[in-house]
Amino acid sequence: MLVAIGFVIVIFSVLGGFAFMGGHLVTLWQPVEVLIIGGGAIGAMIVSNTPSILKATGKAIGGAFKPSAITKAFYMSLMALMYEILTKVRKEGLMSIEGDVEEPEQSPLFQKYPEVLADHHIVEFLTDYLRLMVSGNLNPMEIENLMDGELETHHQEAHTPQSAVQQMADGLPAFGIVAAVMGVVHVMGSVGQVSNAELGVMIAAALVGTFLGILLAYGFVGPLASIINHKIAESSKPFECVKTTLLASLNGYSPALAVEFGRKVLYSTERPTFIELEEHVKSTKGK
C-alpha cells in the first residue's frame, strides 16, 4: 500500500507542479517517447538476465506491493516452534524428532504453527540442519560453516532481482537521452518543411524523452529496487534466527536460552520482547 501511495505522490507532485506553472499536460503525452524508453529498457533487461532471473524479478516486483509476511507474530511462532523442538530433544533425545524432521507437514509440532509451515524455504532450512543434528556426524563448527555457505548462496540469489531492477533504473536516463536525441534529429530534419510553431512543439516533444527517463528512473524504478532490497533483508532474518538458535543449542545452552540467542538477532521493529515470547510459548504449549 505504501508503495502505491508513494507512486501517487510522485505523479501528483510532478504533474501538479508542471500544471501549476502553466504547463500543458497534453504536451507530456508522447507515446513514441514512452515506446523508445520503455522498450529499450525492457529489451536491455531481457538481454542482460537469464530466464530464471527474469522470472524471479517479476515475482519480486509483485511482492513489493504486498505486505511483508515476516512479522512479529511470525517470529514468535518460529521461535516457539524451535523451543518445542529443542525441548523435545532435551527430554527424549535427538532421535525423537526424526519423524518431525522427515515429514514436517505431518508433524503435530509443525502443524501447531501453520504460518511457519507455509514458508517452504524456512521449513526446509530448519529441517535440513535438524536432520544433520540427528545424524550426529558433524560438530557445531562444521554445521556453522555449512550454514554460512548456504546463507551466502541464498543472499546472492535473493539479490539478483534487485540488481536487475536497479540496472534498469540506471539505464532509464540514458534511454531518455536517446529518445530526446532522436526527437532532435527529427526536428532538424524538419527545418524548412514546417512552421516555427510546429518546430517548437516538436522540440518540446523531444525534451519529454529526457524528462520521462529521469522521472521513471528516480521516481519509480529506482525506489522499486530499494523496496525489493528491504524485503530481501527482511526475508533473510528468519534464517539467521534459526541458525543462531540451533548453534546455541549445539553449544549446550538450554532451549530457553537458545531461543533467546535467536531473538537477539532480529530487527528491533519485529523483535518480540522476552515476556511476549515467553507468554506465547506458554500459550502454544498447551494446545
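Rules behind the numbers
- Residues numbered from 1 in each chain as written.
- Predicted model: local features only at pLDDT ≥ 70, side-chain atom pairs only at ≥ 80, totals over all residues.
- Heavy atoms only, no water.
- Salt bridge = Lys/Arg side-chain N within 4 Å of Asp/Glu carboxyl O.
- Helix = DSSP H or I, 4+ residues; strand = E, 2+ residues; numbered from the N terminus.
- Buried < 20%, exposed > 50% of the residue type's maximum accessible area, 1.4 Å probe, protein only.
- Core = buried A, V, L, I, M, F, W, Y, C linked by side-chain atoms within 4.5 Å.
- Contact = heavy atoms within 4.5 Å.
- pLDDT = per-residue confidence, 0-100.
- Expected span 1.5 Å × (residues − 1).
- Phe/Tyr/Trp six-rings, centres within 6.5 Å; stacked < 30°, edge-to-face > 60°.
- Lys NZ or Arg CZ within 6 Å of the ring centre and 35° of its normal.

Undergrad: What should I look at first to understand the pattern of salt bridges in this one?
TA: In a structure, side chains of opposite charge can pair up when their charged atoms sit close to one another. If you walk through the whole model with that rule in mind, you get eight salt bridges. In this structure, Arg131 and Glu102 form a salt bridge, with 3.1 Å as the shortest nitrogen-oxygen distance. A residue pair is termed long-range when its members are at least 10 positions apart, and Arg131 in helix α8 (residues 120–135) and Glu102 in helix α5 (residues 98–102) qualify at 29 residues. One salt bridge connects Lys243 with Asp148, and the closest N-O pair in it is separated by 2.4 Å. On the criterion of sequence distance, the pair formed by Lys243 in helix α11 (residues 196–250) and Asp148 in helix α9 (residues 140–158) is long-range, its members being 95 residues apart. Of the residues examined, Asp148 reaches a relative accessible area of 31% and is grouped as partly exposed. Connected through shared salt-bridge partners, Glu102, Asp128 and Arg131 make up one network.

Undergrad: What am I meant to see in the nonpolar core here?
TA: Across soluble globular proteins, you tend to see nonpolar side chains buried next to one another. Within the largest apolar cluster, 41 residues are counted, with the highest numbers of intra-cluster contacts made by Leu126 and Leu246. Listing elements by their share of this core, those giving two or more residues are α4 (72–92), α6 (108–111), α8, α9, α11, α12 (255–264) and α13 (274–285). With 12 residues, the top contributor of residues to this core is α4. Among residues more than four places away in sequence, those in contact with Leu246 are Leu86, Leu126, Tyr129, Leu130, Met133 and Met147. Counting residues in each nonpolar core, the second largest holds 25 residues, with Val3, Phe7, Ile37 and Leu212 among its members.

Undergrad: Would you take a moment to explain the confidence of the model for the protein for this structure?
TA: Overall, the predicted model of the protein reaches an average pLDDT of 89, with 99% of residues at or above 70. The least confident element of the protein is α13, whose mean pLDDT is 80; the most confident is helix α2 (residues 31–47), at 93.

Undergrad: Just checking my understanding: could you explain α8 for this structure?
TA: Counting along an α-helix, one turn takes 3.6 residues, and residues three or four places apart therefore face a common direction. Given a rise of 1.5 Å per residue, 16 residues ought to cover 22 Å, and the 22 Å separating the end C-alpha atoms of α8 matches this to within 8%. On its buried side, α8 packs onto α4, α5, α6, α7 (114–117), α9 and α11. Remark: Gly136 follows α8 within two positions and exhibits a positive phi of approximately 70 degrees.

Undergrad: Would you take a moment to explain the packing of aromatic side chains for this structure?
TA: Between two aromatic rings, the relevant description is the distance of the centres plus the angle of the planes. According to the stated counting rule, one finds six aromatic pairs in the structure shown. A ring pair is formed by Phe7 and Phe220, whose centres lie 5.0 Å apart and whose planes are at 45 degrees; its orientation type is tilted. One end of the pair, Phe7, is in helix α1 (residues 2–20); the other, Phe220, is in helix α11, with 213 residues separating them in the sequence. Each member of the pair, Phe7 as well as Phe220, carries the same accessibility label: buried. Consider the rings of Phe74 and Tyr75, whose centres lie 6.1 Å apart with planes at 70 degrees: the pair is edge-to-face. As far as burial versus exposure is concerned, Phe74 and Tyr75 are alike and both buried. An aromatic cluster is built from Phe7, Phe65 and Phe220, whose rings are joined through pairwise contacts. Over the face of the ring belonging to Tyr267 we find Lys237, whose NZ or CZ atom lies 5.0 Å from the ring centre.

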